[in-house]
Structure formats: structure tokens, C-alpha cells
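# Structural description and commentary
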Amino acid sequence: MTFKASDSLAEQIAHYLAERIIRGEMKACERIQEQKVTQALNVSRGSVREALLILERRHLVVILPRRGAQVSELTPHKVKSLYALVVELYVLLARAVADGWREEADLAPFLAIQRQLVESQRREDINAFVEYSFDVMRAAFPFADNPYLQETVENLLPAISRSYHLVLERRKGEMARYLATFAELLQAIVERDHPRARELLLGYGEHNCQLVLATLAEQR
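Let us look at the structure shown here. Just so it is clear, the structure is predicted and the values come from calculations on it, not from any experiment.

Calculation notes
Residues numbered from 1 in each chain as written. Predicted model: local features only at pLDDT ≥ 70, side-chain atom pairs only at ≥ 80, totals over all residues. Heavy atoms only, no water. Helix = DSSP H or I, 4+ residues; strand = E, 2+ residues; numbered from the N terminus. Expected span 1.5 Å × (residues − 1). Buried < 20%, exposed > 50% of the residue type's maximum accessible area, 1.4 Å probe, protein only. Contact = heavy atoms within 4.5 Å. Polar contact = N/O pair within 3.5 Å; in protein donor to acceptor, adjacent residues only side chain to side chain. Pairing = 2+ DSSP bridges. Phe/Tyr/Trp six-rings, centres within 6.5 Å; stacked < 30°, edge-to-face > 60°. Core = buried A, V, L, I, M, F, W, Y, C linked by side-chain atoms within 4.5 Å.

### Re helix α6 (residues 126-144)
- For α6, built from 19 residues, the straight-helix expectation of 27 Å at 1.5 Å per residue is met to within 8% by its first-to-last C-alpha distance of 28 Å.
- Taken as a whole, α6 has its buried residues at Ile 126, Ala 128, Phe 129, Val 130, Ser 133, Phe 134, Val 136, Met 137, Ala 139, Ala 140 and Phe 141.
- Against α4 (76-100), α5 (104-123), α7 (147-168) and α8 (174-190) lie the buried residues of α6.
- Looking at where α6 begins, the residue whose side-chain oxygen comes 3.3 Å from the main-chain nitrogen of Asn 127 is Asp 125.
- Positive phi shows up at Asp 145, right after α6, with a value of about 50°.

Structural data, given as C-alpha cells:
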């Protein structure tokens with residue numbers, strides 16, 4: 001693995017482990033052995049411990065007294081709680097963009113992401129599709145200009161990403177539904193139609209939540 005100098009070492013380790021958890025390479029309740037990670041990545045144990053604390057904050061890892069770190073479990077209660085919160089945060093971001101855009105150039109980043117999403121769907125590239133879907137939120141951050149909102153969303157995105165991967169690995173057709181919803185959401189934002197934007201986001205959030213719950217039930 002080649003690390004990027006722009007990120008702290010702990011962040012890079014956290015990203016490496018997060019990708020393995022999100023893609024299902026590391027399973028729920030699987031123990032993360034610090035010594036193995038230090039040897040595999042040739043890094044210090046202190047950096048690994050710092051990375052695990054980052055992942056705990058991002059809801060991918062739990063650190064248990066005298067038992068160490070393990071991959072967090074996706075339970076129905078956690079899934080429902082996660083979607084109930086994150087959809088409201090998405091609504092705040094959509095409102096900020098709808099109120100804040102002034103000219104077509106302001107919306108150009110969203111249109112560029114939309115094209116990338118379409119291309120990812122065409123290739124059936126789930127990893128790229130999920131990453132671009134979260135770029136939508138990041139493109140909205142400047143409109144909200146709220147560091148607390150941004151930090152909260154960023155910390156929740158890995159957990160949401162994990163749920164998206166879980167669903168899309170079995171139901172690739174859901175990418176088309178996301179694109180259709182995103183197109184409608186963009187139109188609502190252009191028209192500054194707050195009720196419609198909220199309706200779309202709540203509906204999509206509930207739909208995705210139910211898909212994740214169904215997928216978890218299938219795995220049992």
C-alpha cells in the first residue's frame with residue numbers, strides 16, 4: 001500500500017481498514033489485531049491505535065475493555081437509527097443548496113457528479129458509484145457553511161457507505177433508482193422547492209433503510 005503524504009498516518013491507516021470493513025472483507029464482530037496491522041502496513045502500534053479511535057468515531061469499530069477492537073455489528077436498530085439521523089442531515093444540506101445557489105455555475109459540481117454516477121452505473125462499478133454519491137454531500141458543504149454539520153456527516157458517511165455496499169452488491173439495479181431520485185432532487189433544488197426535496201430524501205432514505213434491513217435478514 002502506498003500512503004499519501006497529505007493525510008496523517010493514522011488517517012491513512014483508518015482509511016485502509018475502513019475500506020476493508022465497508023466492502024465486507026472484514027466481517028461484523030471480527031477482531032482487529034493491532035500487531036497484525038502494524039506488521040502488514042509497517043507502521044507503529046501507536047498509529048494503529050489512533051486509527052482505531054478514528055474508526056470508532058466513524059461507527060465502523062467498537063473498542064471493548066480488555067478485549068480490544070472489533071468490527072462493529074450492523075443491527076436493525078443501528079440501521080434504523082442511522083438512517084433516521086442522516087436523512088435529516090441530507091435535508092439540511094439540500095435546503096442550503098436550494099437557498100444558496102445564484103447562477104448555473106453554482107450547480108456545475110452536482111451536474112459533473114451526476115455524469116460520473118451515470119458512468120459508474122454503466123460500468124457497474126459499485127465502489128466508484130458509492131464514492132461519487134457521497135461527493136454530492138461534499139459539494140453541498142460550502143453552501144451550508146456549517147462545520148458542525150460537515151463533521152457530523154463526514155463521520156457518518158463510512159457507516160452509510162457500508163450499508164450502501166451491502167445493498168448494491170446484491171441489488172445493482174438500485175443504482176438506477178438513486179440516479180432517478182438524484183435527478184428529481186436537483187430539479188427541486190433548482191426550483192427551490194423545499195417540501196419536494198424533503199419528500200424525495202425521506203422517501204429514498206426509508207427505501208434504502210428497508211433494503212438494508214432485508215439484506216441483513218437474508219444473511220442470517
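### With respect to the sheet that holds strand β3 (residues 68-71)
- Spatial strand order, β1-β3-β2: three strands in an open sheet with antiparallel pairing. The open sheet is flanked by β1 (31-32) and β2 (61-64), the only strands paired with a single partner.
- The sheet contact formed by β2 and β3 spans four bridges and is antiparallel. Each residue of the ladder has a partner; that of Val 61, found in β3, is Val 71.

### Observations regarding the packing of aromatic side chains
- This structure, assessed with the given rule, holds five aromatic pairs.
- Measuring from ring centre to ring centre gives 5.6 Å for Tyr 178 and Tyr 204, while their planes differ by 75°; the resulting arrangement is edge-to-face. Placement of the pair is Tyr 178 in helix α8 and Tyr 204 in helix α9 (residues 194-219), with a sequence separation of 26 residues.
- The class for Tyr 178 is buried, based on a relative accessible area of 9%.
- In this structure an aromatic cluster arises from ring pairing among Phe 129, Tyr 178, Phe 182 and Tyr 204.

### Here we look at the nonpolar core
- Counting 54 residues, the largest nonpolar core has Tyr 90 and Phe 110 as its most contacted members.
- Looking at this core, the elements that each hand over two or more residues are α4, α5, α6, α7, α8 and α9.
- Top element by residues in this core is α4. It accounts for 12 residues.
- With residues up to four places along the chain from it excluded, the contact list for Phe 110 reads Val 97, Val 136, Ala 139, Ala 140, Phe 143, Phe 182 and Leu 186.

On their own, these measurements won't tell you what the molecule is for.
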